[in-house]
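What follows is each chain in one-letter form.
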Amino acid sequence: MLGGPLLPCSVAPVTGFFRDGCCNTGPEDLGLHVVCAEMTAGFLAFSQAQGNDLSTPRPDLGFAGLRPGDRWCLCAARWEEARAAGQAPRVLLEATHIAALEVCSLDDLKAHAVEA
């Protein structure tokens, strides 16, 4: 996003549409999972209320559930929805794919930036 190489978002838990730890995207990523966000209790509750429970472990899918402080590649539209509702988590810009700008403004992402 900032002109350099895309940094990893998280390998513990492993994230990304391709489960490679990075917020890479491609034509098959219809949700545009490109915003590297640091989870908060407020965002996790917001996401659950929107029908996407990221907190509950799903062992059948190899998903341990997210906790505050975990980093995760979010759908750009969900991050934008959370921002509009005042629940946007902080963003690691260096690990956020430039495709996020198709949905989110750079100013909004920068306003929620966290240090790498």
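For the structure, see preceding data.
Throughout what follows, the structure given in this document is the object of discussion. From a predicted model like this one, the values you see are computed outputs, not experimental measurements.

What counts and what doesn't
- Residues numbered from 1 in each chain as written.
- Predicted model: local features only at pLDDT ≥ 70, side-chain atom pairs only at ≥ 80, totals over all residues.
- Heavy atoms only, no water.
- Pairing = 2+ DSSP bridges.
- Helix = DSSP H or I, 4+ residues; strand = E, 2+ residues; numbered from the N terminus.
- Contact = heavy atoms within 4.5 Å.
- Axes fitted to C-alpha atoms, helices over the stretch in contact; angles between N-to-C directions.
- Disulfide = S-S within 2.5 Å.
- Buried < 20%, exposed > 50% of the residue type's maximum accessible area, 1.4 Å probe, protein only.
- Salt bridge = Lys/Arg side-chain N within 4 Å of Asp/Glu carboxyl O.

1. A look at the sheet that holds strand β1 (residues 33-38)
Piece 1. Strand order in the open sheet formed by three strands is β2-β1-β3, and the pairing between neighbours is antiparallel. Single-partner strands in this sheet number two, and they are β2 (71-75) and β3 (90-91).
Piece 2. Bridge analysis of β1 against β2 gives five bridges, and the strand direction is antiparallel. Counterpart to Cys36 in the pairing with β2 is Cys73.
Piece 3. Strands β1, β2 and β3 of the sheet are contacted by helix α2 (residues 76-84), whose axis makes an angle of about 95° with β2.

2. Comments concerning the state of the cysteines
Piece 1. A complete count under the given rule lists two disulfides for this structure.
Piece 2. The partner cysteine of Cys9 in its disulfide is Cys36, sulfur to sulfur 2.2 Å. One quick way to see it: the torsion about the S-S bond of Cys9 and Cys36 is about 85°, and its sign makes the bridge right-handed. In this pair, Cys9 sits in the segment before β1 while Cys36 sits in strand β1, placing the two residues 27 residues apart along the sequence.
Piece 3. Cys9 sits in the buried class, given a relative accessible area of 7%.
Piece 4. Two residues share a disulfide in this structure: Cys23 and Cys73, whose sulfurs sit 2.1 Å from each other. Between Cys23 and Cys73, the S-S dihedral sits near -95°, and the bridge is therefore left-handed.

3. As for the pairing of β1
Piece 1. Examined bridge by bridge, β1 and β3 share two bridges and lie antiparallel to one another. Looking at the pairing, Ala37 lines up with Val91 of β3.

4. Side note on the pattern of salt bridges
Piece 1. Considering all chains together, one arrives at five salt bridges under this definition.
Piece 2. Between Arg71 and Glu38 there is a salt bridge, with the nearest N and O atoms lying 3.5 Å from each other. Pair noted here: Arg71 is in strand β2 and Glu38 is in strand β1, with a separation of 33 residues, a long-range link.
Piece 3. Judged by its relative accessible area of 21%, Arg71 falls in the partly exposed class.
Piece 4. A salt bridge links Glu81 to Arg78; its shortest N-O distance comes to 2.7 Å. Placement of the pair is Glu81 and Arg78 together in helix α2, with a separation of three residues, close to one helical turn.
Piece 5. Among the charged side chains, a network of salt bridges with common partners joins Glu80, Arg83 and Asp108.

5. Re the side chain of Arg78
Piece 1. With a relative accessible area of 19%, Arg78 lands in the buried category.
Piece 2. Excluding anything up to four places from it in sequence, Arg78 contacts Phe43, Phe46, Ser47, Gln50 and Asn52.

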